[in-house]
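Now for the letters of each chain:
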Amino acid sequence: MGFRVIKTTVATVLAIVIAHLLGILNPLSAGLLAILGVDVTRKRSIRTVSSRFFASILGLGMSSALFYIFGFHIWVLAVYILIGFPLISKANLKEGIVTSSVVVFRVFGGEDISLDALFTQILLLIIGLGSAVVVNLIYMPNEEDKLTGIRRKVDGLFGLIFERIASQLRDPNYVWDGQELIEASQEVELGLSTAKRALDNQVIAPNEAWTIYFYMRKQQLDRIESMLQLISQVYQRMPQGESAAVLFDQLSIDVKNETYTGTTEHMLQELETDFKAMELPTSREEFEIRSAILQLCRELALYLDISKKSKYPTGKSKRQRAV
């Protein structure tokens with residue numbers, strides 16, 4: 001049974017009980033409105049309930065005017081739909097069309113537009129939608145453990161990717177199907193959607209640390225794809241390729257650490273210094289391969305630069321930086 005089903009059950013029963021205690025006729029309508037008000041996050045719940053409430057008030061006013069002028073006929077209800085739905089949408093209250101229809105159809109079925117009848121409909125709206133908001137605000141699932149699990153999986157996949165890159169640099173004949181890259185991309189997208197949902201549940205003092213982390217990984221995947229294009233140009237074994245492979249060996253370890261060590265960055269700086277001191281290539285093939293390796297190192301520098309710019313807020317010391 002999904003957690004949203006449980007919340008819907010609690011909100012529905014709560015709304016019906018409150019309406020019954022207040023002596024409102026047909027308290028089941030409050031339960032129906034509560035079902036329509038339950039949503040997946042706190043912020044979205046507040047947004048959609050507000051939209052549904054004001055759309056219902058607008059629909060109630062328009063339909064009451066039409067019923068007062070023309071009477072309670074099916075064709076009048078059709079006129080309301082033709083006029084009311086576009087107006088509700090234009091008022092940016094599109095999410096409330098269904099809820100407003102429930103209220104209007106109740107008025108039409110009761111054939112009563114007296115002040116008491118209209119007040120009863122508004123009270124049912126407050127009870128039904130209010131119960132949904134209360135249940136949503138009281139408790140939402142904590143996504144922290146799920147996000148931590150996704151992060152660990154992403155970090156592990158990044159580590160495997162860098163191990164594969166190191167193997168290709170050492171042996172140009174090494175064949176890699178790139179499965180880890182596909183899985184990492186999928187996990188990053190899952191992390192982004194989960195982080196967004198968790199952020200929408202934080203009404204007060206929202207923490208965007210997880211969103212920043214997964215967005216950083218998404219940017220770094222773009223850099224990795226650029227690296228792979230350059231590695232495809234390394235078709236012979238070279239001493240420089242072995243040196244670069246050592247870098248990626250270290251990166252495969254650093255990427256799993258929750259704190260930024262800077263080890264790979266220092267090794268990269270030393271390797272770039274060594275490149276400048278090397279003799280010039282003696283053949284076209286050597287020139288092409290060394291050029292590709294040098295570009296690869298520059299892409300790696302861009303990758304590390306993304307990590308340095310995506311810091312976590314103070315207080316998240318264990319996750320303050322990620323490689």
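Here we summarise the structure given alongside this text.

Rules and cut-offs
Residues numbered from 1 in each chain as written. Predicted model: local features only at pLDDT ≥ 70, side-chain atom pairs only at ≥ 80, totals over all residues. Heavy atoms only, no water. Helix = DSSP H or I, 4+ residues; strand = E, 2+ residues; numbered from the N terminus. Rg over C-alpha atoms; globule rule 2.2 N^0.38 Å. Contact = heavy atoms within 4.5 Å. Areas by Shrake-Rupley, 256 points an atom, 1.4 Å probe, with all protein chains shown as cover. Lys, Arg positive; Asp, Glu negative; His and termini not counted. Charge placed at Lys NZ, Arg CZ, Asp CG, Glu CD. Salt bridge = Lys/Arg side-chain N within 4 Å of Asp/Glu carboxyl O. Buried < 20%, exposed > 50% of the residue type's maximum accessible area, 1.4 Å probe, protein only. Core = buried A, V, L, I, M, F, W, Y, C linked by side-chain atoms within 4.5 Å. Polar contact = N/O pair within 3.5 Å; in protein donor to acceptor, adjacent residues only side chain to side chain. Phe/Tyr/Trp six-rings, centres within 6.5 Å; stacked < 30°, edge-to-face > 60°. Lys NZ or Arg CZ within 6 Å of the ring centre and 35° of its normal. Patch = residues over 30% accessible without salt bridge, like charges linked within 9 Å, V, L, I, M, F, W, Y side chains within 5 Å. Expected span 1.5 Å × (residues − 1).

## Overview of the overall build of the chain
Logical step 1: Helix and strand counts for the chain come out as 12 helices and 0 strands.
Logical step 2: In terms of overall size, the chain is more extended than a compact globule, its C-alpha atoms giving a radius of gyration of 30 Å where 323 residues would be expected to give roughly 20 Å.
Logical step 3: C-alpha extents for the chain along the principal axes are approximately 95 × 40 × 30 Å.
Logical step 4: For the chain, the share of sequence-separated contacts (at least 6 apart) that also reach a separation of at least 24 residues comes to 77%.
Logical step 5: Within the structure as shown, the chain displays about 17000 Å² of accessible surface, and the carbon and sulfur contribution to it stands at 60%.
Logical step 6: Averaging the coordinates of the 34 positive side-chain charges in the chain and doing the same for the 34 negative ones gives two points 7 Å apart.

## Comments concerning the pattern of salt bridges
Logical step 1: Within this structure, the stated rule accounts for 11 salt bridges.
Logical step 2: Glu-163 is the partner of Arg-164 in a salt bridge, and the nearest nitrogen-oxygen pair spans 4.0 Å.
Logical step 3: We note a salt bridge from Asp-171 to Arg-237, for which the minimum N-O separation is 3.8 Å. Of this pair, Asp-171 sits in the loop between helix H7 (144-170) and helix H8 (179-200) while Arg-237 sits in the loop between helix H9 (209-231) and helix H10 (239-254), placing them 66 residues apart in sequence.
Logical step 4: With a relative accessible area of 25%, Asp-171 lands in the partly exposed category.
Logical step 5: For Arg-237, a relative accessible area of 61% corresponds to the exposed category.
Logical step 6: Among the charged side chains, a network of salt bridges with common partners joins Arg-151, Asp-155 and Arg-217.

## Some details on the nonpolar core
Logical step 1: Core analysis: the biggest nonpolar cluster contains 46 residues, and Phe-158, Phe-162, Leu-169, Phe-214, Phe-248, Leu-300 and Tyr-303 have the highest contact counts within it.
Logical step 2: Those elements that place two or more of their residues in this core are H7, H8, H9, H10, helix H11 (263-277) and helix H12 (284-309).
Logical step 3: Per element, the largest residue contribution to this core is 10 residues, and it comes from H7.
Logical step 4: The next biggest cluster of nonpolar side chains, apart from the first, holds 33 residues, and it includes Ala-30, Ile-88, Val-102 and Ile-127.

## Focus: the side chain of Ser-100
Logical step 1: By the secondary structure assignment, Ser-100 is in helix H5 (residues 97-110).
Logical step 2: Take Ser-100: its relative accessible area is 0%, and that puts it in the buried class.
Logical step 3: At 2.8 Å, the side chain of Ser-100 and the backbone oxygen of Ile-97 are in polar contact.
Logical step 4: Sequence-distant contacts of Ser-100, defined by excluding residues within four places in its chain, comprise Ala-55, Ser-56, Tyr-80 and Ile-88.

## So, the packing of aromatic side chains
Logical step 1: What the rule picks out here adds up to 12 aromatic pairs.
Logical step 2: Ring geometry for Phe-67 against Phe-72: centres 5.0 Å apart, planes inclined by 25 degrees, an arrangement best described as stacked.
Logical step 3: What makes Phe-72 partly exposed here is its relative accessible area of 21%.
Logical step 4: Consider the rings of Trp-210 and Phe-214, whose centres lie 6.1 Å apart with planes at 25 degrees: the pair is stacked. Note that Trp-210 and Phe-214 are positioned in helix H9 at a spacing of 4 residues, about one turn of the helix. Neither Trp-210 nor Phe-214 differs from the other in exposure class; each is buried.
Logical step 5: Three or more aromatic residues joined by ring pairs make a cluster, and in this case those are Phe-158, Phe-162, Phe-248 and Tyr-303.
Logical step 6: In this structure, Arg-151 packs its charged tip against the face of Tyr-213, placed 4.5 Å from the ring centre.
Logical step 7: Above the plane of the ring of Phe-158 lies Arg-217, whose end atom (NZ or CZ) is 4.8 Å from the centre.

## Looking at a nonpolar patch on the surface
Logical step 1: A cluster of nonpolar side chains, contributed by Leu-14, Ile-18, Leu-22, Val-134 and Ile-138, occupies part of the molecular surface with about 430 Å² of accessible area.
Logical step 2: Elements supplying a minimum of two residues to the nonpolar patch: helix H1 (3-21) and helix H6 (115-138).
Logical step 3: Looking at the secondary structure, you find Val-134 in helix H6.

## Remarks on H5
Logical step 1: Between its terminal C-alpha atoms H5 stretches 20 Å, which fits the 20 Å expected from 14 residues at 1.5 Å a residue.
Logical step 2: Among the residues of H5, Ile-97, Thr-99, Ser-100, Ser-101, Val-102, Val-103, Val-104, Val-107 and Phe-108 are the ones counted as buried.
Logical step 3: Packing partners of the buried residues in H5 comprise helix H2 (28-37), helix H3 (42-70), helix H4 (74-90) and H6.
Logical step 4: Of the residues trailing H5, Glu-111 is marked for its positive phi of about 50 degrees.

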